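Each chain, letter by letter, is given below.
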Amino acid sequence: MVGSTALRPVRDPRRWAVLAILSGSLLIISMDATILNVAFPSLVTDLQPGSVEQLWIIDAYALVLAGLLVTAGALGDRWGRKRLLLIGFAIFGLASLLAVVATAAWHVIAARALLGVGGAAIMPSTLTILRTVFTDARELALAYSVWSAVFGGGMALGPVIGGVLVESHGWQSAFLLNVPIAVAVIGFGTWLLPESRSPRSGVWDWPGVGLSIFGMVALAGGIKQLGKSGVSDPAGWTLVVLSVVALTVFVRRQLRLTHPLLQVRLFTNRAFTMAATAIFLGMLGLGAALFLLSQWFQYVKGYSPVAAGVHLLPAPISLILASLCVPWFMERFPPRNVLASGLTLMSAGLALPWVWQHFREIDYPLVSLALAIVGAGVGTLATVASVVLMSSVPTAEAGGAAAIDETAYELGAALGVATLGSMASALYRSKLPYLDLDPADLAAVHESIGDASVVADRLGTSGLLVTAGEAFTSSMTPTFLVGGGVALVAAVLAWRLIPRDLERVEGAH
C-alpha cells in the first residue's frame, strides 16, 4: 500500500515533536468550530441574540476561516509557513480575549470572525510542514491519520470540553481556554518548527482574494436568510446569486493566471475531487448532528452543559479510534472501498434515529449508538480522504491541496449548521401546534427552541417547553435522514469515481 523510495531519506529527529505541536495547533482550531454548541444556551440567555445572530455566532468563525484558507496558503508560500502559523496564533489569542469581554451579540460575532482570520493563518501550514518533516512514506501516512484524528476529534470534543468549562466558569471560558494554548504553541513553535517556503512569482492576486471572500460570505448569508425567512425571500436568493457569480468569476480568473491563488485544475483529478467532497460531506453531517443534539440534550432532555458534553462522547471516541485504524485498512483494501464504507457508516448512523422513532421513543441509548456509528464513519472517511487527496497531487501542488483539504473540513461543518440547521428550524416552526400566547412571546417561541426555553422560564410554564421540545425532536430526525441520504449518494459516487488501482500513498514522493 505504502510506496518506498530508492534511497532512504534522512529523517528529521524533531518530526514527532513537530507532529505534537501541530496536533496541539489543530486541536484548538477544530474545537473552536464546535465548542460553542454546548456553551450556546448560556450565551443566548446572557446576550439575547436573535435567530440570525445565533447562527452567525456559530458560523462566523468557520466561514471566515474557510474563505481565507486559499489566500493564507498562498501567503504562507511567500512569507514562510512557520512565520504565518505563529502570527496566526497571536491573532487567535487576541481574538479570544476580545470574546471574553464581549457584552453584546455582535461583539461575539466579530471576535469569532477574527478567530477565523487567525485560524486561516494557522491551518495551511500544518499539512505542508508535516510533508516537509516526514520524509518516510509510512510515517507520513501515520502522521496524516493522527492529523485527521486530532482534527475530527477536536470538532467532536469541543462540546465536551465546552460543557465542563461553561458549567464551572460561564460561556466566556470557552474562549479563555485558547489563550494559554496559543502562548504555549508560539513558544515551542518558535523553538522547534522548521521554516519552509515555496515563493511564488508573479503579482499578488488581490482581485482573486476579494472574489473568494465575497463569494463565500454571500453564499453563507444567503443560506441563513433563506433558512430564517423561507424560500420565497428575495434577499436570500439575491445573496445566493451574487455568490455564484463571484465564485464563477473567481474560478475563471484562476484558470487564466499563470500563478493562481488556487490551482483549480486539481479538481480534474477524480480521486482528488471525490476525496475533497467526502471530507466536506462528512463534516457537514457531523457539524449539524453535534449542533442539533447539543440543543436537544439541554432543552429537550434538560441536561446541564457538562452532562450534554459527556453524552456526546461516543462520537469523538469512535472517530479517533476509526481514524487511527484507517492506515491498517488501506494496506489491505483499495482506498475507494474504505472511503465508501466510511460514508455508508455515517449514512446509517444519521438515518437510525428517524427509523427508530417509528417504533419507540427516541432515548439516549439509541442516540449514543447513532453517535458512535456516525463518529466511526466520519473518522474513516475523513482520514482516507485526506490521504487520497494529498497523495493524488504532485509535491509542487501540496500547498494548494492542503488548503482545499482544510477548506472542506471547515466549510462542511459550517454549512452543515447553516443548511441542515436551517432546515431543522423551518421544520420546527411547521410542527409547532397552536399556542395561546401574546404575539411577542409567540414570535419568540417560533424563532428557536432556545427562545422557547427563555419564554417558558419567564412565564413559569413547563408545558410550553415540552411542546416546543416535541416539535424540535420531530424536526431533528428527518433532518438527520436528509444528511444520511446525501452521505449515501456520496458513497456510491466515491466507489464509482475513485480509480480501483489507486493503491499507493505517495505523499512522501
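Going along each chain's sequence as written, the residues are numbered from 1 onward. Only residues with pLDDT of 70 or above have their local features reported here, since the model is predicted, and side-chain atom pairs are shown and tallied only from 80 upward, although totals for entire chains, interfaces and linings are computed over all residues. Just so you know, side-chain values use all the structure's heavy atoms and leave hydrogens and water out.

Let us now look at the overall build of the protein chain. By the criteria applied, helices consist of DSSP H or I runs no shorter than four residues and strands consist of E runs no shorter than two, each listed in order from the N terminus. Helix and strand counts for the protein chain stand at 19 helices and zero strands. We compute the radius of gyration from the C-alpha atoms alone; for a globule the expected value is 2.2 Å times N to the 0.38, where N is the number of residues. In terms of C-alpha radius of gyration, the protein chain reaches 22 Å, essentially the compact-globule figure of 23 Å for 509 residues. Expressed as lengths along the three principal axes of its C-alpha atoms, the size of the protein chain is roughly 75 × 45 × 45 Å. In what follows, residue pairs with any heavy atoms lying within 4.5 Å of each other are defined as contacts. The long-range fraction of contacts in the protein chain, counting pairs at least 24 apart against all pairs at least 6 apart in sequence, stands at 83%.

The rule for a salt bridge is simple: a side-chain nitrogen of Lys or Arg has to be within 4 Å of a carboxyl oxygen of Asp or Glu. A full pass over the atoms with the stated rule returns four salt bridges. In this structure, R458 and D441 form a salt bridge, with 2.3 Å as the shortest nitrogen-oxygen distance. With R458 in helix α18 (residues 449-459) and D441 in helix α17 (residues 439-447), this pair connects stretches of sequence that are 17 residues apart.

For the rest of this paragraph, the subject is the layout of surface pockets. Every definition here rests on a 1 Å grid over the protein atoms only: cavities are sets of points where a 1.4 Å probe fits but cannot get out, pockets are open sets enclosed by protein on both sides within 12 Å along at least five of seven lines, and lining residues have some atom within 4 Å of a point. Grid points are joined across faces, edges and corners, and a volume is the space filled by probe spheres set on the points. The space that makes up the largest pocket amounts to roughly 560 Å³. Lining the largest pocket are 21 residues, with M216, L262, F267, T407 and L411 sitting closest to its centre. Residue assignment for the lining of the largest pocket shows that the elements contributing at least two residues are α3 (51-79), α9 (206-229), α10 (234-256), α11 (270-300) and α16 (398-431). Looking at the lining of the largest pocket element by element, the count peaks at five residues for α16. When residue character is reported, Ala, Val, Leu, Ile, Met, Phe, Trp, Tyr, Cys and Pro are called nonpolar, Asp, Glu, Lys and Arg charged, and the others, Gly included, polar. Split by residue class, the lining of the largest pocket holds 16 nonpolar, five polar and no charged.

With that settled, the discussion passes to the environment of I129. Here I129 is to be found in helix α5 (residues 105-133). With residues near it in sequence (within four places) discarded, I129 still touches V18, L22, R81 and P194.

Aromatic contacts are taken between Phe, Tyr and Trp rings whose centres are within 6.5 Å, Trp giving its six-membered ring; a plane angle under 30 degrees counts as stacked, one over 60 as edge-to-face, and the others as tilted. Taken as a whole, this structure holds nine aromatic pairs when the rule is applied. With 5.0 Å between their ring centres and 70° between their planes, W16 and F134 make a pair best called edge-to-face. With W16 in helix α1 (residues 15-31) and F134 in the loop between α5 and α6 (137-169), the pair connects residues that are 118 residues apart, well separated along the chain. Residue F134 is classed as buried on the basis of its relative accessible area of 1%. Ring centres of F188 and W191 lie 6.4 Å apart, and the angle between their planes is 35°; this geometry places the pair in the tilted category. Separated by three residues within a single helix, F188 and W191 lie in helix α8 (residues 178-192), roughly one turn from each other. Among the aromatic side chains, those forming a connected cluster through ring pairs are W296, F297, Y303 and Y364. For the exposure calls, accessible area comes from a 1.4 Å probe over protein chains only, and a residue counts as buried if that area is under 20% of its type's maximum, exposed if over 50%, partly exposed in between.

What follows concerns α11. An ideal rise of 1.5 Å per residue puts 45 Å on 31 residues; α11 measures up with 43 Å between its terminal C-alpha atoms. Within α11, 26 of the 31 residues are buried, which leaves the element mostly enclosed by the surrounding structure. What qualifies as a polar contact is a pair of N or O atoms within 3.5 Å, subject to a donor-acceptor requirement within protein and to the restriction that residues adjacent in sequence count only when both atoms come from side chains. The N-capping residue of α11, defined by a side-chain oxygen 2.9 Å from the backbone nitrogen of A271, is N269. Positive backbone phi, at 75°, marks G302, one or two positions downstream of α11. A helix's residues, less one, multiplied by 1.5 Å, set its expected span.

Geometry is summarised by axes, namely lines fitted to C-alpha atoms with helices restricted to the contacting stretch, and by angles between N-to-C directions that run from 0 to 180 degrees. At a closest axis distance of 9 Å, the pairing of α3 and helix α4 (residues 81-100) adopts a crossing angle of 145°. The handedness of the crossing between α3 and α4 comes out as right-handed. Between α3 and α4, the contacting residues are Y61, A72, L75, G76, D77 and W79 on the first element and R81, R83, L84, I87 and F92 on the second. Take the far helix as the reference: if the near one is turned anticlockwise from it by less than a right angle, the crossing is left-handed, and if turned clockwise, right-handed.

A separate point is a nonpolar patch on the surface. Patches draw on residues past 30% relative accessible area with no salt bridge. Two like charges within 9 Å are joined, as are two nonpolar side chains (Val, Leu, Ile, Met, Phe, Trp, Tyr) within 5 Å. Shrake-Rupley sampling with a 1.4 Å probe provides the accessible areas, and residues are treated as covered by the protein chains on show and by no other component. A surface patch of nonpolar side chains, amounting to about 240 Å² of accessible area, comprises F214, L239 and L242. In this fold, F214 is placed in helix α9.

The next thing to look at is unusual backbone geometry. Excluding glycine, residues mostly have negative phi values, and the peptide bonds linking residues are mostly trans. Its identity is not glycine, yet Q48 carries a phi of approximately 55°, on the positive side. Along the chain, Q48 falls in the loop between α2 (36-47) and α3.

With that settled, consider the side chain of K82. Along the chain, K82 falls in helix α4. In summary, the charge assignment counts Lys and Arg as positive and Asp and Glu as negative, without counting His or the chain termini. No salt bridge is formed by the buried K82, whose closest oppositely charged neighbour, E195, lies at an N-O distance of 6.4 Å. Of note is the side chain of K82, whose polar atom sits 3.0 Å from the backbone oxygen of T190.

The pLDDT value tells you how sure the predictor is about a given residue, anywhere from 0 up to 100. This prediction gives the protein chain a mean pLDDT of 82; 91% of its residues lie at or above 70. Every residue in residues 504-509 scores below 50 in pLDDT, and together they form 27 contacts with partners more than four places removed in sequence or on other chains.

Note on placement: A385 falls in helix α15 (residues 364-391). With 140 residues separating them along the chain, A385 and V245 place their C-alpha atoms 29 Å apart. Leaving out residues up to four positions away in the same chain, A385 has contacts with A275, A278, I279 and L339.

Here the focus is the nonpolar core. Among the nonpolar cores identified, the biggest contains 142 residues, and L293 and L339 are the most heavily contacted of them. It is α11 that contributes the most residues to this core, 18 residues altogether. With near-sequence residues (within four places) excluded, L339 lies in contact with A278, L381, V384, A385, A494 and I498. Counting residues in each nonpolar core, the second largest holds six residues, with L63, A66, M216 and L411 among its members. Throughout, nonpolar core names a set of buried Ala, Val, Leu, Ile, Met, Phe, Trp, Tyr and Cys residues whose side chains join them through atoms within 4.5 Å.

Let us now look at the environment of P314. Following the sequence through the fold, P314 ends up in helix α13 (residues 314-330). The residues contacting P314, other than those within four sequence positions of it, are Y364, S368, L371 and A372.

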